[in-house]
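Each chain, written out:
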Amino acid sequence: MPNAPKAPTRFKITFSTEVQMRYSFPCIIRFYKRPLAGSDFSDQTVSRKQTQEANSMIHHIDLRITGVKLTLLCGLLVLTTTVCRSSADVSIALQKNNAPRALWVWDAGVASNANDQQVFLAFCSAQHINTVFLSLGDFDDVKKLPDENRNHLTTQQLGDFLERAHAAKIKVEGLGGDPLFALTRNHHRALDAMKRVLNYNKTAATQRRLDGYQWDVEPYILKEFKTDQHDSVLEQYLDFVNAATTMVKASSANQQFALGFAVPFWFDTAAQNTKWQDKTQPAVFQVLDILSQVPDSYIAIMAYRDHAEGSNGSIGVSQTEMNYANAHTPKVGIWVGMETGDVQPASITFHGKTNADLEKAISEVNSAFASSASYRGVAIHHWGSYRELIKR
């Protein structure tokens, strides 16, 4: 097994109120060098480089204004404003962004490797991630991988990971998908995988159970979707959504089991109108109606843009789905997805941008949909690229 990546050292700023009666000065700002670990995180973090710059500025101020305590305190305030300004958006967003956050994870190694578990769960706590969509490797597959493969995940490893995640107040759902699963001839393969998960939950202790399962099927990748078979592919896909919903609904031991489907934002257009069970409407509306049969269901809209506001931002491209869900399926949740991967075109991802840019967009999405009954929060795609974004 490769060694787990070493967690980057970060620093936190803490504020302590000390009323200075002599100078009528409200507070002193102190810098602490302290690694970020586990759930011990602050509302504001700065990088090593920023801290070095801060220390240099402190020395400069101290040399120039030695002996003038009030002026020095004011200087520290100016210094802090300077240091924090570049990450002010992150600070404000972290304080305001108290809506749930989810993270897509396509690496089962975060569960199978004990060292990676610790790093990953600490990262989730620090970034306020409280729901994880986790690829289960070969756990839900008939074919098993070699023991040394990261994506070989045993029942014991999964249970240990789930217990630790739940102790950190992080929900974990299985994640699977293949465009071929949209076709009727392959439905049984996908349903067998989910059945293995449901059966695992029946015998596992509460803290060692999966909290749900998300399907990322993406039928539009199939070549048939771009032909005169388009409508047939969508109908078969909806049959699968219904079959998965029926399976979860029939599993009495999984009443709290969430079922979700990742969908593209453009599934709400007239071009995706689909007739299913004598009702014709856009494919995403059909999905929402089907999922409303189970109590804990949702869609995750791949609303991938490099900004939130405006008609072509993540908010605008998610609005139709949110309106429909609020009016017709308010118990079906909606996650708004944001991309951080190195994908093209650049306008659909935060790759190359800063974490402050992402946090600003998350704050805007949260504000836009705060009053929507169906809104679950923002889901970030994905663990590997998001971690790199945080490092910059």
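All values derive from a computational prediction rather than experimental measurement. (Residues numbered from 1 in each chain as written. Predicted model: local features only at pLDDT ≥ 70, side-chain atom pairs only at ≥ 80, totals over all residues. Heavy atoms only, no water.)

A.B. asks: Describe helix H5 (residues 114-126), naming the residues involved and giving the relevant values.
C.D. replies: A rise of 1.5 Å per residue sets the reference length of H5, with its 13 residues, at 18 Å; its end C-alpha atoms lie 19 Å apart and thus fit the reference within 8%. For H5, the set of buried residues is Asp116, Gln117, Phe120, Leu121, Phe123, Cys124, Ser125 and Ala126. Where H5 begins, the side chain of asparagine 113 points an oxygen toward the backbone nitrogen of asparagine 115, at a separation of 2.9 Å. (Helix = DSSP H or I, 4+ residues; strand = E, 2+ residues; numbered from the N terminus. Expected span 1.5 Å × (residues − 1). Buried < 20%, exposed > 50% of the residue type's maximum accessible area, 1.4 Å probe, protein only. Polar contact = N/O pair within 3.5 Å; in protein donor to acceptor, adjacent residues only side chain to side chain.)

A.B. asks: I'd like to hear about the packing of aromatic side chains, residue by residue, with values.
C.D. replies: On inspection of all chains with the given rule, the structure shows 21 aromatic pairs. Taken together, a centroid distance of 5.0 Å and an interplanar angle of 75° make the contact between phenylalanine 123 and tryptophan 383 edge-to-face. Here phenylalanine 123 is found in helix H5, whereas its partner tryptophan 383 is found in helix H12 (residues 383-391), with 260 residues between them in sequence. Considered together, phenylalanine 123 and tryptophan 383 belong to a single accessibility category, that of buried residues. Residues tyrosine 220 and phenylalanine 225 carry aromatic rings whose centres are separated by 6.4 Å and whose planes lie at 70° to one another, so their mutual orientation is edge-to-face. Put simply, the rings of Phe181, Tyr213, Trp215, Tyr220, Phe225, Tyr237, Phe240, Phe261, Trp266 and Phe267 pair up and form one aromatic cluster. For the cation-ring pair, arginine 387 lies above tryptophan 383, with the distance from its terminal atom to the ring centre recorded as 4.2 Å. (Phe/Tyr/Trp six-rings, centres within 6.5 Å; stacked < 30°, edge-to-face > 60°. Lys NZ or Arg CZ within 6 Å of the ring centre and 35° of its normal.)

A.B. asks: Lay out the nonpolar core in plain terms, naming residues and giving numbers.
C.D. replies: For soluble globular proteins, the rule of thumb is that nonpolar side chains tend to be buried together. Of all hydrophobic cores here, the largest spans 100 residues; its most connected members are Leu103, Phe120, Trp215, Tyr237 and Phe261. By residue number, the principal contributor to this core is helix H8 (residues 230-250), which donates eight residues. In contact with tryptophan 215, not counting residues within four places along its chain, are Gly176, Gly177, Phe181, Ala190, Ala193, Met194, Phe240, Ala244, Leu259, Gly260, Phe261 and Ala262. (Core = buried A, V, L, I, M, F, W, Y, C linked by side-chain atoms within 4.5 Å. Contact = heavy atoms within 4.5 Å.)

A.B. asks: Break down the confidence of the model for the protein for me, citing the residues and quoting the values.
C.D. replies: Averaged over all residues, the pLDDT of the protein is 81; the fraction at 70 or higher stands at 74%. Within the model, the stretch residues 4-86 combines pLDDT values under 50 with 102 contacts to residues more than four positions away or in other chains. (pLDDT = per-residue confidence, 0-100.)

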